[in-house]
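Structural overview for review
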Amino acid sequence: MTNERHMTRRKNAEPAREDGPFRTPAVDIRETPGELVLLADMPGVDDKGLQVSIEENTLTIVGNPVPTLPENARTLHAEIEPHAFRRAFTLSNDLQLDAVEGSIKHGLLTLTLPKARGAKVRRIPIKSE
Amino acid sequence: MVYKGWLGNLDPFGQIARFQRDMNNLFETHRWQSRSARAREYPPLNVSRDENELIVSVELPGMSMENVQLSLTGDTLSIKGERKTMAADAKDVAALRTERPAGGFMRTIELPERTNPDKAEARYANGVLTVRIPKDEAARPRRIEVKAS
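The structure reproduced in this document is the subject of the present report.

Within chain B one finds two helices and eight strands. Helices and strands in chain B line up, N terminus first, as α-α-β-β-β-β-β-β-β-β. Across the 149 residues that make up chain B, the buried fraction comes to 19%. Partitioning the intrachain contacts of chain B with sequence separation of at least 6 by distance along the chain shows that 47% fall at a separation of at least 24.

Next comes the structure, spelled out in structure tokens:
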């Protein structure tokens, strides 16, 4: 799913465990005439724990949550998977990959991917009987 | 489980049991897979404890705490609110994918210990709401001396 070779354009230096289990963040993708907007739920992740990288046409988002429990706490009931977040996407060629911007607030990552100027939109006529 | 019978020291089931255990360990997430059949409640939360308090951690990313109501009794914790997401039906906006839960939610959990809700504190950081509730002093176990006669 992800490219394990060089990660270019790293946002943060902290690596997540490449071999370990991970959680898949829920994602909303919206499209406006000028850009794609990706929203990913990564509760517990701040900007130090976030890595966004793009290699060729693959976008990978990784989030390492900040631990909130004191050292000696014991968990009685767990619904939250104790793993880092990771998800990869294949991007279309119509996007300006070097103009991607992102920010994370309250554990919600917002990524803006502008479309290339002059991206062609072909309308396909649909015939029906 | 060791099968000892006419096969002597050979343990045909031991191998299978070991293999199964190894496969389970390989896929650490097996605990979570067993839960997928049940409907998951929203928002997901953990309940932990340390010496003095219960700690409830609730995942609610991208929310404004104005839309959340948290209430406590000595035995239960209730959380109610509404999660609004970016309007997908705004003009010129197409929703290509919608996975993030949106809408109203309400959840009540029973706390595993008696607590003192007046002293509870709640904090929202990085999308996680952490509620710390001190345990009820009066409910602490007391040592009872046993007199020998």
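From this point, the discussion proceeds with the structure in view.
Attention now goes to the overall build of chain A. Of regular secondary structure, chain A possesses zero helices and nine strands. Element order for chain A, N to C, with α for helix and β for strand: β-β-β-β-β-β-β-β-β. In chain A, which comprises 129 residues, the share counted as buried stands at 26%. Long-range pairs, those at least 24 residues apart, make up 63% of the contacts in chain A with a sequence separation of at least 6.

Each partner contributes residues to the interface: chain A has 33 residues there, and chain B has 34 residues. Breaking the side of chain A that touches chain B down by element, the ones donating at least two residues are β2 (27-31), β3 (35-41) and β6 (74-78) of chain A.

Quick look at the nonpolar core now. A general trend in soluble globular proteins is that nonpolar side chains are found buried together. If you look at the biggest cluster of nonpolar residues, it comprises 20 residues, and the most contacted ones within it are Leu38, Ala40, Ile61 and Leu109 of chain A. Mapped onto this core, the elements with two or more residues apiece are β3, β4 (50-55), β5 (58-63), β7 (84-90) and β9 (108-114) of chain A. Setting aside chain neighbours within four positions, we find Ala40 of chain A in contact with Pro25, Val27, Ile61 and Leu109 of chain A. Membership of the second largest hydrophobic core comes to 15 residues, among which are Val47, Val56, Leu111 and Val128 of chain B.

Judged by pairing direction, the sheet is antiparallel, and its five strands sit side by side in the order β8(A)-β9(A)-β3(A)-β2(A)-β5(B) without closing on themselves. The open sheet is flanked by β8 (101-105) of chain A together with β5 (94-98) of chain B, the only strands paired with a single partner. Between one strand axis and the next, the sheet turns by 15 degrees as a mean value, whatever way the strands run. Inspection of the sheet shows β8 of chain A paired to β9 of chain A by five bridges, in the antiparallel sense.

Right, let's talk about the environment of Leu38 of chain A for a bit. Following the sequence through the fold, Leu38 of chain A ends up in strand β3. On the neighbour-count criterion, Leu38 of chain A (24 C-beta atoms within 10 Å) is buried.

All names here are of chain B. Note that strand β7 (residues 121-125) and strand β8 (residues 128-134) share five bridges and pair antiparallel. When the sheet's bridge partners are listed, Ala125 is paired in β8 with Val128. Hairpin connection between β7 and β8: a loop of two residues separates the two successive antiparallel strands, and Asn126 in this loop has a positive phi of roughly 55 degrees.

The rules we used
Residues numbered from 1 in each chain as written. Chains lettered and ligands numbered in written order. Predicted model: local features only at pLDDT ≥ 70, side-chain atom pairs only at ≥ 80, totals over all residues. Helix = DSSP H or I, 4+ residues; strand = E, 2+ residues; numbered from the N terminus. Buried ≥ 20, exposed ≤ 12 C-beta atoms within 10 Å, placed from the backbone. Contact = placed C-beta atoms within 7 Å. Core = buried A, V, L, I, M, F, W, Y, C linked by C-beta atoms within 7 Å. Pairing = 2+ DSSP bridges. Axes fitted to C-alpha atoms, helices over the stretch in contact; angles between N-to-C directions.

Structural measurements only, silent on function.
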